[in-house]
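Listed below, chain by chain, are the residues.
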Amino acid sequence: MQQTDKYKLNLIESSDPFLPDGLNQNTLKLEEVVSQHLEGMDQRVTVLEDKKFACGLWTKGAGVIDLGFHPRAVITQQIGSYGPVIYVENATYASSGGITLTENGFKSNISSFYFLAFS
């Protein structure tokens, strides 16, 4: 029985007796490697599943935009204006604010704008 160069998996040759030992060894090696990688992947997926974002066009006047989650950052671009309003937690990066985060979205004093929000 030979082995692969890189992962040292068993290669069954036609002259080998057909016994499950070589295949079982391959299976155990693969299971060990896969389980190590899946543990880290499960943690990353759990973190990513907790993150949310929403984007859209708001044309209903000043008011509350309900996103269904508490955003940590909101970017708005008022229709017909030159620069976006960027709000990250407790800091506004724009000449005029107009955004207040709420438990389930945000309030805006702008009547029509594009938005992008992240949790």
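This structure is a prediction, so every number in the text was calculated from the model and none was measured.

Take unusual backbone geometry next. Non-glycine residue lysine 8 carries a positive phi angle of around 55°. By secondary structure assignment, the location of lysine 8 is in the loop between β1 (2–3) and β2 (10–11).

Turning next to the confidence of the model for the chain. Put simply, the chain has an average pLDDT of 84, and 95% of its residues get 70 or more. Averaged pLDDT values over the elements of the chain bottom out at 64 in strand β7 (residues 91–93) and peak at 94 in strand β3 (residues 53–58).

Moving on: the nonpolar core. Counting 15 residues, the largest nonpolar core has Ile65, Leu67, Val74, Ile99, Phe106, Phe113 and Phe115 as its most contacted members. Here this core gets three residues from one element, more than from any other, and that element is strand β10 (residues 113–118). Among all residues touching isoleucine 65, those that are not within four sequence positions of it are Trp58, Asn104, Gly105, Phe106, Ser108, Phe113 and Phe115.

Mapping threonine 102 onto the fold places it in strand β8 (residues 99–102). Leave out the neighbours within four places in its chain, and threonine 102 touches His70, Pro71 and Lys107.

In this section: the sheet that holds strand β4 (residues 63–66). In spatial order, the strands read β4-β9-β8; together these three strands make up an open sheet with antiparallel pairing. Pairing within the sheet leaves two strands with one partner each, and these edge strands are β4 and β8. Direction aside, the axes of adjacent strands within the sheet are offset by 25° on average. The pairing of β4 with strand β9 (residues 105–108) spans four bridges and is classified as antiparallel.

A few words on the environment of lysine 29. Mapping lysine 29 onto the fold places it in helix α1 (residues 21–49). Apart from the residues lying within four places of it in its own chain, the contact partners of lysine 29 are Gln3, Tyr7, Lys8 and Leu9.

One pass over the full model with this rule turns up three aromatic pairs. On the basis of an interplanar angle of 65° and a centroid distance of 5.7 Å, the ring pair of phenylalanine 106 and phenylalanine 115 is categorised as edge-to-face. The class of phenylalanine 115 is buried, set by a relative accessible area of 11%. Both rings, one in phenylalanine 113 and one in phenylalanine 115, keep their centres 6.4 Å apart while their planes meet at 65°; by these two values the pair is edge-to-face. Put simply, the rings of Phe106, Phe113 and Phe115 pair up and form one aromatic cluster.

Residues Val85 and Tyr87 line the buried face of strand β6 (residues 85–88), whereas the alternating positions Ile86 and Val88 sit on a face that is not buried. Strand direction decides the pairing type here: strand β5 (residues 73–78) and β6, joined by four bridges, are antiparallel. Within β6, the residue paired with valine 74 across the bridge is tyrosine 87. Where β5 folds back on β6, the antiparallel hairpin that results is connected by six residues, among which glycine 80 adopts a positive phi of roughly 85°.

Rules used throughout
Residues numbered from 1 in each chain as written. Predicted model: local features only at pLDDT ≥ 70, side-chain atom pairs only at ≥ 80, totals over all residues. Heavy atoms only, no water. Helix = DSSP H or I, 4+ residues; strand = E, 2+ residues; numbered from the N terminus. pLDDT = per-residue confidence, 0-100. Core = buried A, V, L, I, M, F, W, Y, C linked by side-chain atoms within 4.5 Å. Buried < 20%, exposed > 50% of the residue type's maximum accessible area, 1.4 Å probe, protein only. Contact = heavy atoms within 4.5 Å. Pairing = 2+ DSSP bridges. Axes fitted to C-alpha atoms, helices over the stretch in contact; angles between N-to-C directions. Phe/Tyr/Trp six-rings, centres within 6.5 Å; stacked < 30°, edge-to-face > 60°.

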